[in-house]
Amino acid sequence: MIYLDNAATTPLRRDVLDCMMPYLTNAYGNPSSIYKLGRDNRIAIDNAREKTAQILGCSPAEVYFTGGGTESDNWAIKGTALANAKRGKHIITTEIEHHAVLHSCEALARQGFEITYIKPDENGLIHPQALQEALRDDTILVTIMHANNEIGTIQPIAELAEIAHGRGAIFHTDAVQTAGHIPTDVNGLGVDLMSLSGHKFGGPKGVGALYIRKNVKIFPHQDGGAQERNKRAGTENVPGIVGLSRALELASEEMQNERERLRELRDTFIKRILDEIPDSQLNGDDEQRLPNNVNISFDYIEGEGMLLLLDMQGISASSGSACTSGSLDPSHVLLSIGLPHEKAHGSLRLTLGRETTAENIDFVVDKLVGIVARLRAMSPLKAHA
Ligand code: PLP
């Protein structure tokens, strides 16, 4: 099997599982209990928080553990919007955010907030000038993702955050696709809130973190017990939290080498596909691009057909259509960067990971050449071209 869907999720690392195991078995105490079994769990959370904070470049008191990237995004956006609503009700985001952000904004719009969606350029970049123009006196929050999960475009977050701060707005970034892959130092980025998710960097699913800069006004996302300093109630997911912090630590240690290695593989992959398959084009930016992201549109064919035939060869990838609720909607990201529906439907996302080798890439390109030719031979779109 060749797994090329690391933007969807990554395999849990063995070392991470080993660190989690005690908390899934013998060390089962509730971290809020005062006896040793509980205290050991509290210590494990404290250590995980410290480690995570060190990697993000913040204080442990600014790290909150959550139930994943979606929860972190929901909390960051709704929690700050509602807590700061007296100052204004205008929020700025982009057209290409993950649905965790877009749908959170839509929920706020139903409660009387006004949302401005910035359009990216044809490579998926959000221009600082566009943010400058969208900001108003009543803008309380700007939420722009660090890198896009579909086309891999990396945004100039430091510059965008500075502009937002210049007008008194809070700045949140969804760093779910970047944490553990490229630097996400919160002061380097200049952000006030940042979302991460454990399963995107070799950690477990269903656990995430939200960085909240000291003094940012935010409402709790869940009501209940006093966990997470009264801000995120619920008995902590101790194995998940331990796993997330260990996975982040390992990914950070390996980041520099892994980035270089993946960039090289990615560039060979892209070059070979574009050279060997006619009528194909790269989506996203050449330079400002995640080291592991390849997103290509193939004229005249459907992504789903490619996925099925790739799957028959043991290759896992993803397409530019979201197969939700039985309909095949083309990706909002590809449409937003200006792709016509046909091209958006004919796109493939291949995201590399720690286990991807040069041999894998060669194998996949060889198979893909045949798959695209086979599908085009049957394509009514091609026949009309
Ligand atoms: N934000 C981005 C950019 C993502 O890619 C994802 C996951 O696909 C999420 C948020 C949601 O994260 P989670 O799966 O941990 O809820």
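The rules we used
Residues numbered from 1 in each chain as written. Predicted model: local features only at pLDDT ≥ 70, side-chain atom pairs only at ≥ 80, totals over all residues. Heavy atoms only, no water. Near = heavy atom within 4 Å. Polar contact = N/O pair within 3.5 Å; in protein donor to acceptor, adjacent residues only side chain to side chain. Helix = DSSP H or I, 4+ residues; strand = E, 2+ residues; numbered from the N terminus. Nonpolar A, V, L, I, M, F, W, Y, C, P; charged D, E, K, R; others polar. Buried < 20%, exposed > 50% of the residue type's maximum accessible area, 1.4 Å probe, protein only. Contact = heavy atoms within 4.5 Å. Phe/Tyr/Trp six-rings, centres within 6.5 Å; stacked < 30°, edge-to-face > 60°. Pairing = 2+ DSSP bridges. Axes fitted to C-alpha atoms, helices over the stretch in contact; angles between N-to-C directions.

Draft legend 1. Molecular detail of the site of the ligand. The immediate surroundings of the ligand are formed by 13 residues, with G69, T70, D174, S197 and K200 found nearest. Here an oxygen atom of the ligand and a side-chain polar atom of T70 are 2.6 Å apart. A distance of 3.5 Å separates an oxygen atom of the ligand from a polar atom in the side chain of H98. With three residues, the single largest contributor to the shell around the ligand is helix α3 (residues 69-83). When grouped by side-chain class, the residues that make up the shell around the ligand number two nonpolar, eight polar and three charged.

Draft legend 2. Spotlight on the environment of L262. Relative to the elements of secondary structure, L262 occurs in helix α9 (residues 238-276). Looking at L262, the relative accessible area reads 7%, which means it is buried. It is 30 Å that separates the C-alpha atoms of L262 and Y300, two residues lying 38 residues apart in sequence. The contact partners of L262, leaving out residues within four places of it in the chain, are P291, N292, L352 and G353.

Draft legend 3. Seen up close, the packing of aromatic side chains. In total, this model carries one aromatic pair according to the counting rule given. Ring plane angle 80° and centroid distance 5.6 Å describe the contact between Y64 and W75, whose orientation is recorded as edge-to-face. Of this pair, Y64 sits in strand β2 (residues 63-66) while W75 sits in helix α3, and the two are eleven residues apart along the sequence. Classification of W75 by relative accessible area gives buried; the value is 0%.

Draft legend 4. Summary view of the sheet that holds strand β9 (residues 280-282). Across the sheet, which stays open at both edges, the four strands sit in the order β9-β10-β15-β12 with antiparallel pairing between neighbours. Two strands bound the open sheet, and with one partner strand each, they are β9 and β12 (318-319). Note that β9 and strand β10 (residues 293-298) share three bridges and pair antiparallel. Bridge assignment links S280 to a residue of β10, and that residue is F298. Contacts from α9 reach β9, β10 and β15 (347-351), with the element oriented near 10° to β10.

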